[in-house]
Amino acid sequence: MLRLANHHFSSRLLTGTGKFNSATTMRDAIHAAGSDLVTLAMKRVITATQSDDTLTHLKKLGVTLLPNTSGAKTAEEAVFAAELAFEATGSQWIKLEIHPDQRYLLPDPIETLKAAEILVKKGFYVLPYCGADPVLCKRLEEAGCAAVMPLGAPIGSNKGLQTKPFIRIIVEQANVPVIVDAGIGRPSDAMAAMELGVDAVLVNTAIATARNPVAMAEAFACAVKTGRKAFEAGLGKSHYIGAATSPLTSFLES
Amino acid sequence: MNHTSDSHISIENSRQRIELVVNGENKTYLSPITLLELVMRDALRQEGTAIAYNQSIVSRCQWSNTHLKDGDQIDIFTLVAGG
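This report concerns the structure included in the present document. In this text, all values refer to a predicted model and were calculated from it rather than measured experimentally.

### Let's talk about the pattern of salt bridges
Logical step 1: Tallied over the entire structure, the rule returns 10 salt bridges over all chains.
Logical step 2: Between Lys114(A) and Glu111(A) there is a salt bridge, with its nearest N and O atoms 3.1 Å apart. Taken together, the residues Lys114(A) and Glu111(A), both in helix 4 (residues 109–121) and three residues apart, mark about one turn of the helix.
Logical step 3: For Glu111(A), a relative accessible area of 16% translates into the label buried.
Logical step 4: Note that Lys69(B) and Asp72(B) form a salt bridge whose closest N and O atoms lie 3.8 Å from each other.
Logical step 5: Given a relative accessible area of 4%, Asp72(B) falls into the buried group.
Logical step 6: Among the ionic contacts, a cluster of salt bridges with common partners joins Lys95(A), Glu97(A) and Asp181(A).

### What about the packing of aromatic side chains?
Logical step 1: Scanning the entire structure with this criterion turns up four aromatic pairs over all chains.
Logical step 2: Residues Phe80(A) and Phe77(B) carry aromatic rings whose centres are separated by 6.4 Å and whose planes lie at 80° to one another, so their mutual orientation is edge-to-face. Linking Phe80(A) in helix 3 (residues 75–89) with Phe77(B) in strand 5 (residues 73–80), this pair reaches from one chain into another.
Logical step 3: Among the residues examined, Phe80(A) registers a relative accessible area of 29% and is labelled partly exposed.
Logical step 4: When the centroid spacing of 6.1 Å and the interplanar angle of 80° are considered together, the rings of Phe86(A) and Phe124(A) count as edge-to-face. A residue pair is termed long-range when its members are at least 10 positions apart, and Phe86(A) in helix 3 and Phe124(A) in the loop between helix 4 and strand 7 (125–130) qualify at 38 residues.
Logical step 5: In this structure Phe124(A) comes out as buried when scored by relative accessible area, which is 9%.
Logical step 6: The structure contains a cluster of three or more aromatic residues connected by ring pairs, namely Phe9(A), Trp93(A) and Tyr125(A).

Reading the values: rules and limits
In this numbering scheme, every chain counts its residues from 1 along its sequence in written order. Labels are handed out in written order, letters beginning with A for the chains and numbers beginning with 1 for the ligands. Residue-level local features of this predicted model are given only where pLDDT is at least 70; pairs of side-chain atoms are given and counted only at 80 or more, and the full residue set underlies all totals for whole chains, interfaces and linings. Computation of side-chain values: all heavy atoms of the structure, hydrogens and water removed. Salt bridges are defined as contacts in which a side-chain nitrogen from Lys or Arg sits within 4 Å of a carboxyl oxygen from Asp or Glu. Helix numbers and strand numbers start at the N terminus; a helix is a DSSP run of H or I with at least 4 residues, a strand a run of E with at least 2. Each residue gets one of three labels from its accessible area relative to the maximum for its type: buried under 20%, exposed over 50%, partly exposed in between, using a 1.4 Å probe on protein chains only. Any two rings among Phe, Tyr and Trp, with Trp reduced to its six-membered ring, count as a pair given centres within 6.5 Å; such a pair is stacked if its planes are under 30 degrees apart, edge-to-face if over 60, and tilted if neither.

Spelled out as structure tokens, the structure:
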């Protein structure tokens, strides 16, 4: 059970709705993932044809909506995007993301912290996408964020848990849930993150761009559950040298 | 893009044409018109939609009370797929 801002979620796998070939595949994949916290974005529209069916499908699935502030380049824009999202969804949950650089989509730490402070005061449950910087994560926690969401690798890169040593430090220090967001490319990446003790992972591209997104969503769900179970079971210590599992008595020589 | 038609204007020739900036694009409408009427006229879905009127967000219950004036800026946003 994942607990965020005094709300309980049954799944530790958060999913995004972007990049799917069709809205029905997206719906089936989220169902297969078992996610109950699902991201979506906001966009300007001019004509009715520019709307999509994402919201309709998500409402039928009964998931909690986690709108993001994607497209915001400053704290001010992110706060405005969050308020628009609240108006559109009625949801106090907001995935705060501010990435001015279009090539690597890396989050701006200064603007993110500024926006987090404002949004928390306005009553949002803020989930900030941030670099895997333990000091920044502490500052975001102090600002009142409901969780921290350090990246594993750039958004949509499927490069996996490149920031593992820093995620370990963040997990050790955090008093709020840690959710690894961005970069997770394989179920084994998700499992590795869960084994480290992160509370949840957020996956979108790796599921949406798989040959069979629904089957991949199931694979991620299994990996997240297994990784969590392993963490709770307590992993054995690792050593550089061998440690025999059988008696080393030289019985043949008596 | 002009959303008025000649027949429409001749029937309602007492109404005034106003220019609005909708999502950055200049459009002509017949006044009086409210925010709600604009949304319905352009057949935009209301669910999952948020509107900024001259850079301030207007809650849905206020759409029908918001009367648009020449030069007003309206930005319409909707929820879409995203990660």
